[in-house]
Every structure is written in structure tokens, then in C-alpha cells.
Amino acid sequence: MVNKFHFKGLISRAFKAPVISNFELNSNIKPELTTVSELEIGYQLNDHWSLISNAFYIDINDPILYAYDGETFEENYVNFEKASTIGTELSLRTKQKWGFVHLNYSFYKNNNTKAAPYENELDDKLLNAFPAHKIAFISAVNIKELMIAPSIIYNSKKIGHFYQAEYWEEYGPKEYAPTFIMNLIFSYKLVKNLNVSTGIYDLFNQKYTTASAYDSGYQGTPLMGREFILKVLYDF
């Protein structure tokens, strides 16, 4: 740390080995290799507020992907050339006696990916199923024994594979609208070791769908929409 600044650089490399089901369909399948580089800079605004920004680069060589031929009904696992993204993230955080607030923005773009199942036919800056922009607001406010924790997550549009009818009819990419998800949780400390929490997930009942990231023969998965929760927690 230099004065109120901090700097961080990370480089990592990992591999994913093929599993038995991969070799059953393709005896020549190779491991995929992932390289991740990240550079971060942060600034302590005062005793309670901080600002952090980072940039990242992700590169996957020989990604192992499932492939299906709708005409011959043949399945396979294939090594494609590469999948790659670049992006940035900005975070503003505060921690106070009354609680905390985290505000985060993230952005990515396709970096010349050469893996057909991931490539997007409608927008070449996106990879299938992943929005380019995400904003997250997470907070908690303490009022004596009561904690109120609202959170908001915004995702921009995403595009994924879509199957509407049987026998592969109406097959193709589909654009999913942006989503705005709000959750609200209340937690109350009844006695020393006993907490009761209740709340609502997806307050506005968006009923959004997770898009299919690659050509698997399925359309996106619809989520439950608005959910009510009740939780009792006792610490021994």
C-alpha cells in the first residue's frame, strides 16, 4: 500500500482434464488450459469509504465443449480453438456502525473467441448467455436488534440458444430482456443466540430465465419468481 492507494496484480494458470464421458465420445480429446490475468488499484477515501477498480483478461485454450448434430443425432465432445474475454470492474464500499453498503459495476466483452458454441450470432461482443453489464447493490442497516438488508441486481440483455418446439423447429438464438432483481431480508435477534430472518427474493416477480450458454438441445431454464423465506438460526 502506498499512502491510501493499494495495487495488486495476479496471474494464474489452470487446466481441466477430460473425464471418462469425454473420452467415450472422443478418444483424442485434450485438456483445456486457462490463463487469468488481473490488475487492481484501490483508494481509501476515508476511514469508512473505499473505491476499487480492476481489469481482467481470461483466455481458455482448447476448451472442451459438448456438440450435438440435430440431423444425425450424434453427440460429441470437441476441443475448440479458444474462448477469451476482457473486462473491468468498479466497486464502491463503505462500512459504518449502522451497517454497510457495496455498490459494484462489471463489464466484459468477447475477445475474439473461436469456439462456435459460445459465439453469438446476434451480437459478436457477447458470449452466449452472459450479459455485458451487471450492477449490484448490496447493503445492510442495523437498527438495534433489527437488521434490514435490501439488495438489487441489474443484468443487461443476454442472448442464448432457444428451442421452442419438438424436432428442432424454431431453433435459433434468442435475446432475453434486461432483468432488475430486488431482494429484501429482515433479521431480528430475539435473544442472545437466537435469530429469526424473513424476506422476499425477486420482490417484483420478474420470473426471469437463465439463457442456455451453448447448443445443448434445451431452451433456457425459467426461475421461480417471487419467493418468501423464513429462517430460524440458533448459535450453540
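This text goes with the structure placed above it.
In this text the structure is predicted, and so the values were computed from the model without any measurement.

## Digging into the layout of surface pockets
- Each pocket or cavity is described by its volume, and for the largest pocket that value is around 340 Å³.
- Residue assignment for the lining of the largest pocket shows that the elements contributing at least two residues are strand E3 (49-61), strand E6 (82-96), strand E7 (99-110) and strand E8 (133-143).
- Its residues placed into classes, the lining of the largest pocket shows 12 nonpolar, six polar and one charged.

## Some points on the packing of aromatic side chains
- Evaluated as defined, the whole model comprises five aromatic pairs.
- For the ring pair Phe5 and Tyr43, a centre distance of 4.6 Å and an interplane angle of 50° mean the geometry is tilted. Linking Phe5 in strand E1 (residues 5-16) with Tyr43 in strand E2 (residues 32-44), this pair joins segments that are 38 residues apart in sequence.
- These aromatic residues form a ring-pair network of at least three members: Phe5, Phe7 and Tyr43.

## Regarding the environment of Pro173
- Along the chain, Pro173 falls in strand E11 (residues 172-176).
- Look at Pro173 and you get partly exposed, because its relative accessible area is 31%.
- Separated by 45 residues in the primary sequence, Pro173 and Asn128 place their C-alpha atoms 8.7 Å from one another.
- Excluding residues within four positions of it along the chain, Pro173 makes contact with Glu121, Leu122, Ile159 and Gly160.

## As for the pattern of salt bridges
- Counted by the stated rule, this structure contains four salt bridges.
- It is possible to trace a salt-bridge network through shared partners that takes in Asp123, Lys157 and Glu175.

About the cut-offs
- Residues numbered from 1 in each chain as written.
- Predicted model: local features only at pLDDT ≥ 70, side-chain atom pairs only at ≥ 80, totals over all residues.
- Heavy atoms only, no water.
- 1 Å grid on protein atoms, 1.4 Å probe; cavity = no way out; pocket = protein on both sides within 12 Å on 5 of 7 lines; lining within 4 Å.
- Points joined across faces, edges and corners; volume = space filled by probe spheres on them.
- Helix = DSSP H or I, 4+ residues; strand = E, 2+ residues; numbered from the N terminus.
- Nonpolar A, V, L, I, M, F, W, Y, C, P; charged D, E, K, R; others polar.
- Phe/Tyr/Trp six-rings, centres within 6.5 Å; stacked < 30°, edge-to-face > 60°.
- Buried < 20%, exposed > 50% of the residue type's maximum accessible area, 1.4 Å probe, protein only.
- Contact = heavy atoms within 4.5 Å.
- Salt bridge = Lys/Arg side-chain N within 4 Å of Asp/Glu carboxyl O.

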